[in-house]
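Now for the letters of each chain:
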Amino acid sequence: MDLNHVIKLLEETNKDGLEEKQLKFVKKLVQCYQNGLPLRDLAQIFKILNLCAGKIKNQPRFIESAYDIIKLCGLPFLKKKVSDEITYAEDTANSIALLGDLMKIPSSELRIQICKCIVDFYHAEPPKKHIPGYQQACSSYKIQMAEVGGLAKTMVQAVTLLENQLVEKLWVLKVLQHLSTSEVNCSIMMKAQAASGICAHLNDPDPSGQLLFRSSEILWNLLEKSSKEEILPQLSNLECLLALKEVFKNLFMRGFSHYDRQLRNDILVITTIIAQNPEAPMIECGFAKDLILFATFNEVKSQNILVKGLKLSNSYEDFELKKLLFNIIVILCKDLPTIQLLIEGSVVLALFTYVKKPEKQRTIDWSAAQYEELQLHAIATLSSVAPLLIEEYMSCQGNAQVLAFLEWCEIEDSFFSHGNSFHGTGGRGNKFAQMRYSLRLLRAMVYLEDETVNTDLCEKGTIQQMIGIFKNIISKTNEKEEAIVLEIQSDILLILSGLCEHHIQRKEIFGTEGVDIVLHVMKTDPRKLQSGLGYNVLLFSTLDSIWFGGTSEEHARLLHRCCILGCYPSEDYFLEKEGIFLLLDVLALNEKKFCNLILGIMVEFCDNPKTAAHVNAWRGKKDQTAASLLIKLWRKEEKELGVKRDKNGKIIDTKKPLFTSFQEEQKIIPLPANCPSIAVMDVSENIRAKIYAILGKLDFENLPGLSAEDFVTLCIIHRYLDFKIGEIWNEIYEEIKLEKLRPVTTDKKALEAITTASENIGKMVASLQSEIIESQACQDVQNEQKVYAKIQATHKQRELANKSWGNFLARTSNAKTLKKAKRLQEKAIKASRYHERPQHAIFHPTDIKGLNTTVPSGGVVTVESTPARLVGGPLADTDIALKKLPIRGGALQRVKAVKIEEAPKKSIPT
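From a predicted model like this one, the values you see are computed outputs, not experimental measurements.

> Requested: an account of the overall build of the protein, with residues and values cited.
The secondary structure content of the protein amounts to 44 helices and 3 strands. Long-range contacts, defined as pairs at least 24 residues apart, comprise 74% of the intrachain contacts of the protein with a sequence gap of at least 6. When the accessible surface of the protein is totalled, it reaches about 49,200 Å², and 53% of it is carbon and sulfur.

Below, the structure written as structure tokens:
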């Protein structure tokens, strides 16, 4: 069809019979495209639609034409080429956006048809008839083009336009319900203030109930698919919250159907998300008070008219409602003004009704699994609420109830835990989940550092009970519950750490049994620290129970936050059981997250005179000593901090020997006297000060197992305090210059003397380091020469052995060589004898007569000078002589007396 002709015809005016002709052509167009709109013709068709819409005001008959064309838009779009979707994308997007603009036409029928057409985008149907040469566009193509064209914005504006027209408004909400399934559309709707506009009219009269249902789903989608930081301020106003409050109250009190309960829970979820915004006026609109009342009316009897006669069933929707109400209490309590409402609502008392052994008789007949989940949820809620309401917690005998509940968790009975909820994870068939949340509650209360609470806990035997639970749970651990058991153990150690703070008596109660559980954790296989199950957290808790250093500001206040340090019997027992060895084993793992805490423990332990011997006795891998390990950690720390050192670890800048790269980058600025400078902050921000303190307490002069490199580094460590003092004075001097102050002559001389002395110390240390390096170099050269001498001697010995072997082979294979060797041998023997034979000397021949060998004989000599009757023969000194007859001369005979007539004859050595 010639669409340009139709456009020209519709643009013409003031002709007789023109309207009939225009309507006829539009009708013909509708009939032509009754199977779908080609993308290539879409721009012209929508131009025709726009022209028809423009004539409606003066020519009402064109409403039907526009209606028919809009109806065609619900049909599939057709493409002739595969590339048509991309080629005509802009035209299609602009055309679809025009549908939203047409909502301004004051025609109910037309508006409803536009909405139906848009809804059809999401329920695509195949074309009624296949047209040769065309194929249907992608089913999601219209949806994508609606996003690009910004259709959602005009539809949001239509809601305001149709505020008093319920039918059309419900259709527009249906359209927005479909559009809000897309993140792009949600972003567009959010910018058009859709959330506040829809939420404020949730409570408008609507007999069908569709308005509330569709509006709540749109709000849900907006909260889920758009930025909460941008959308929450739109909903956090009094008008929106009052509307939500009225809707929730009506559904809570008068909604009995399955649908009403679901909708009620959806409204509560939306409210919960809004309540996370601190600016939301939850208290001002009275919604917070009502929610607290609804959350506790079953557990605490109330005469309030809102809950009088109300009952919850054990249906799934009411069960979810109860959990959502517990959840919103946790969110509301983050706003401190809500605390008074929590007190008035007896929230703590209501929640404590769940901290006990499950009973058969309950207000609501929850199933066992439902009650268990509510119980865990209630205890988790108490962990957030109870620390804010200490008086209410104590008035309810909170400590006694929790400890009694923990005691029940330890015993074995017929209770069977379902463990099928978020809070029950890892607790199926046992009471670990209940134990975990109870300990979390106790941990939260202990860490308030309220002396009333902690004293009450200790008087009830909490320390002994915690140690007992820890010991019992070790034997019950299996792989499935390993993670939850580790969390329980961590919480127990943190609770004990909090209770023993500042109290020697409590540390004594902790005693050797407590030290044993600490040592048990420290013996954990290091490979498990990388398992991700929570061994890292448990080790941190264990180290915290030994000593807690805190940050630089907290250090003085929290110095004694521990269970062992400060109690001498426990310290001695810890040392006796090789606790220092275990600490150094963990330190040797080179895990940075543990180093600072372990070094802090070591510093405190070194105050005990028995510690130094343990530290010096420790040996790590490759026989590494504790001093060597600490110096290695110092070098690693300085490398990470960017401290300037040469390849041998020697000081480069003697004026700033400890400066880190961060200090180099930061410019010195004048600070108030109560603000620590960069040099002072550096002490607490790395481990160098702790290493200095430990080595200082071990005596710098008598450290075993150090290499030359270690000694070079030790020179710096030894002077750490002097360098740091000089660094601080240098900062003071620089600040004075920046503030353009001129110190008096005496002060100026003192400052210059201090800075010069600090630099001289740096030069002295650098000189000492050079001497150590040179001495080591000389020692290396000497060692090298010794090694070379040893190698040379080895080679020489090998050459002599080879030469000897060659001579031996020559004698055995060559008769002439053998004879020559024989002559040389005889000559050597002859040369060794006396030239003049002494008187009475006996000559011993060295040759064996009749010997048929090709090599010289060995030194075999038979001595005949002593009578055989005295020596007893060759076997006289053996056991055989006792069993056999003597071969020659018999065994040794006892002689009563031997008369010496003359001196014995001398033997001539061979």
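After presenting the structure, the write-up continues.
> Describe in detail unusual backbone geometry, supporting the description with residues and values.
For His502, which is not glycine, the phi dihedral falls at a positive 65°. The residue Lys740 is not glycine, and still its phi comes out positive at about 55°. Within the secondary structure, Lys740 sits in the loop between α40 (720–738) and α41 (745–813). You can call Lys740 exposed: its relative accessible area is 77%.

> So what's going on with the packing of aromatic side chains? Which residues, and what values?
Scanning the entire structure with this criterion turns up 17 aromatic pairs. Centre to centre, the rings of Tyr692 and Phe700 are 6.0 Å apart; their planes meet at 35°, and the pair counts as tilted. Sitting over the face of the ring of Tyr134, Lys80 holds its NZ or CZ atom 4.7 Å from the ring centroid. One residue, Lys431, lies across the ring of Trp408, its end atom 4.2 Å from the ring centre.

> Kindly report on the sheet that holds strand β1 (residues 37–38), identifying the contributing residues and their values.
One open sheet accounts for 3 strands, arranged β1-β2-β3; its pairing is mixed. Every interior strand has two partners, whereas the edge strands, β1 and β3 (135–136), have only one.

> Before we move on, could you go through the state of the cysteines and cite the residues and values that matter?
For the coordinates displayed, the defined rule picks out 0 disulfides. We note that Cys567 lacks a disulfide partner, and the nearest cysteine sulfur, in Cys500, lies 9.0 Å from it. Residue class for Cys567 comes out buried when judged on its relative accessible area of 2%.

> Can you tell me about the nonpolar core, naming the residues and giving the values?
Of all hydrophobic cores here, the largest spans 243 residues; its most connected members are Met155, Leu176, Met466, Ile546, Phe574, Leu583 and Leu695. Contacts of Met466, omitting those with residues within four sequence positions, involve Leu403, Leu406, Leu439, Leu442, Ile492, Ile495 and Leu496.

Each value, and the rule that gives it
- Residues numbered from 1 in each chain as written.
- Predicted model: local features only at pLDDT ≥ 70, side-chain atom pairs only at ≥ 80, totals over all residues.
- Heavy atoms only, no water.
- Helix = DSSP H or I, 4+ residues; strand = E, 2+ residues; numbered from the N terminus.
- Contact = heavy atoms within 4.5 Å.
- Areas by Shrake-Rupley, 256 points an atom, 1.4 Å probe, with all protein chains shown as cover.
- Buried < 20%, exposed > 50% of the residue type's maximum accessible area, 1.4 Å probe, protein only.
- Phe/Tyr/Trp six-rings, centres within 6.5 Å; stacked < 30°, edge-to-face > 60°.
- Lys NZ or Arg CZ within 6 Å of the ring centre and 35° of its normal.
- Pairing = 2+ DSSP bridges.
- Disulfide = S-S within 2.5 Å.
- Core = buried A, V, L, I, M, F, W, Y, C linked by side-chain atoms within 4.5 Å.

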